[in-house]
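Secondary and tertiary structure notes
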Amino acid sequence: MTIEKDRVVSIDYELKDEGGALIDRSEGEPLVYLHGNENIIPGLERQLEGKKAGDKLDCVIAPADGYGERDDELVFAVSPSDFAEPGKIEVGMQFQAHQEDGVRIVTVVGVDKDEIKVDANHPLAGKSLHFSVTVKDVRAASEDELKHGHVHGDDHGCGGCGCDGECDDDGCGCGDDDDGCSDGGCGCGCK
Ligand code: ZN
């Protein structure tokens, strides 16, 4: 079975930056996603189109096809009173910020007495991504998976939001009945 829209794809991958430093890898637990549903970055999805189990590929994804270019306007100051425990905020901490277009991870980049500076750019924004990928499996998606726009794993009923055992009775803890839930930013509050 080849990779095309609405197929469930399992891949092992290694992600390195331009200098060859390891950013992320699947470590024997393949990444499973629903192809053609914006579950993964568009550049990698395009590279995988038409591939099948056993295929290997190495590719470089430009920022525009990855996590986007950096946007300086996404670095902004917020009031310490916006945090539950402002005294404990340190540079490098990350928080989930709920916005109209979903959940964003913001990183604290500066702490002052009367303002905390955060960066809402994706940590990988502006970076060229060097992927080594092995396609492990390709299967048809279930009706529920197509409806939700993400994969439901075999082990705990929900691979869409990646939560463990917190899933509600529709088999998905994402709390989202339409297809608005993708790539981990599902809003269920779990990681
Ligand atoms: Zn779901």
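Bear in mind the structure is a predicted one, so any value in this text is a computation, not a measurement. (Residues numbered from 1 in each chain as written. Predicted model: local features only at pLDDT ≥ 70, side-chain atom pairs only at ≥ 80, totals over all residues. Heavy atoms only, no water.)

Below, the discussion takes up the sheet that holds strand E8 (residues 116-119). Taken together, 4 strands build an open sheet; the order of strands is E5-E8-E7-E6 and the sheet is antiparallel. Either end of the sheet is taken by a strand with one partner, and the two such strands are strand E5 (75-78) and strand E6 (94-99). Going from strand to strand, the sheet's axes swing by 40° on average, the running direction of each strand aside. Pairing analysis gives 4 bridges linking strand E7 (residues 102-111) to E8, with the strands arranged antiparallel. (Pairing = 2+ DSSP bridges. Helix = DSSP H or I, 4+ residues; strand = E, 2+ residues; numbered from the N terminus. Axes fitted to C-alpha atoms, helices over the stretch in contact; angles between N-to-C directions.)

Let's shift gears to the nonpolar core. Counting 19 residues, the largest nonpolar core has Ile-3, Ile-11, Leu-44, Leu-48, Leu-129, Phe-131 and Val-133 as the members making the most contacts within it. Among the elements of the structure, strand E1 (7-16), helix H1 (42-48), strand E4 (56-61) and strand E9 (129-140) are those that each provide at least two residues to this core. Looking at which element gives the most residues to this core, the answer is E9, with 5 residues. With residues near it in sequence (within four places) discarded, Phe-131 still touches Tyr-13, Glu-14, Leu-15, Ile-41, Leu-44, Leu-57, Asp-58, Cys-59 and Ile-61. Core analysis: the second largest hydrophobic core is formed by 8 residues, Val-78, Phe-83, Ile-89 and Val-118 among them. (Core = buried A, V, L, I, M, F, W, Y, C linked by side-chain atoms within 4.5 Å. Buried < 20%, exposed > 50% of the residue type's maximum accessible area, 1.4 Å probe, protein only. Contact = heavy atoms within 4.5 Å.)

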